[in-house]
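# Descriptive analysis of the structure
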Amino acid sequence: MDVDYYTDAMTYTNVRVMDDFNKKMKGGVIVEHGGGAGVAQSVGYKKIKFYTSENVGYGDVNLPQKDMPHDQLLVTIPWDLLDHLELRREEIIDGLSGLAYCLHHICAMLVMSDIRDIDRCIGDKSGEWFVPLRQGPSCHNRKTG
């Protein structure tokens, strides 16, 4: 079929820390290795027009959620340490997003894995807020979107 649009998946992802161990404190930053649980589910799709990126429609997808237990490296930087940088919260989150991007690629290289087999996120350990790294710098609350 010849159409002037492509489809883009609308997905829901949530990551939780289940267990943290091997905790080390380095320069006020907490580095931990731990176990986690992730949930991913495709809930729909958008039709995006070529060249203009206009949203020309959407549809629902009814697929089961995918539960994914995993190992994780947690780097916790306390807000009081970040507040000494005299930067706005948005600038701090943008900087952390860049750092997460670099660590993501370094990790894939060190463990000799495909970059798509490893993911990253920025948020608090409870999973109550997160930054969707592929969609821009705004923060989201898991309960309110």
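Residues numbered from 1 in each chain as written. Predicted model: local features only at pLDDT ≥ 70, side-chain atom pairs only at ≥ 80, totals over all residues. Heavy atoms only, no water.

### Considering the overall build of the protein
- When its secondary structure is counted, the protein shows 2 helices and 7 strands.
- Ordered by position from N to C terminus, the α and β elements of the protein give β-β-β-β-α-α-β-β-β.
- Looking at the protein as a whole, 19% of its 145 residues qualify as buried.
- If you take every contact in the protein between residues at least 6 apart in sequence, the share linking residues at least 24 apart comes to 53%.
- Of the accessible surface of the protein, which amounts to about 10800 Å², a share of 56% is contributed by carbon and sulfur atoms. (Helix = DSSP H or I, 4+ residues; strand = E, 2+ residues; numbered from the N terminus. Buried < 20%, exposed > 50% of the residue type's maximum accessible area, 1.4 Å probe, protein only. Contact = heavy atoms within 4.5 Å. Areas by Shrake-Rupley, 256 points an atom, 1.4 Å probe, with all protein chains shown as cover.)

### A few points about the pairing of strand β3 (residues 55-60)
- Bridging between strand β2 (residues 29-49) and β3 involves 5 bridges; their strand directions are antiparallel. Looking across to β3, one finds that K47 is bridged to G57.
- Where β2 folds back on β3, the antiparallel hairpin that results is connected by 5 residues, among which Y51 adopts a positive phi of roughly 70 degrees. (Pairing = 2+ DSSP bridges.)

### What to know about unusual backbone geometry
- In the Ramachandran plot, E86 falls in the positive-phi region, its phi being about 55 degrees despite a non-glycine side chain.
- Even without glycine at this site, M112 takes up a positive phi of about 55 degrees.
- Of note, M112 is situated in the loop between α2 (89-110) and β5 (122-123).

### With respect to the packing of aromatic side chains
- Taken as a whole and judged by the stated rule, the model has 2 aromatic pairs.
- On the basis of an interplanar angle of 35 degrees and a centroid distance of 5.6 Å, the ring pair of Y6 and F50 is categorised as tilted. Residue Y6 is located in strand β1 (residues 5-26), and its partner F50 is located in the loop between β2 and β3; the two are separated by 44 residues in the primary sequence.
- Under the relative-accessibility criterion, F50 is labelled partly exposed at 38%.
- Ring plane angle 55 degrees and centroid distance 6.3 Å describe the contact between F50 and Y51, whose orientation is recorded as tilted.
- Pairwise contacts between aromatic rings join Y6, F50 and Y51 into one cluster.
- Sitting over the ring of W79, R89 keeps its end group 3.8 Å from the ring centre. (Phe/Tyr/Trp six-rings, centres within 6.5 Å; stacked < 30°, edge-to-face > 60°. Lys NZ or Arg CZ within 6 Å of the ring centre and 35° of its normal.)

### What about the environment of A40?
- Mapped onto the fold, A40 is located in strand β2.
- On the basis of relative accessible area, A40 is assigned to the partly exposed category, the value being 21%.
- Residue contacts for A40: discarding those within four places in its chain leaves Y12, T13, Q65, K66 and M68.

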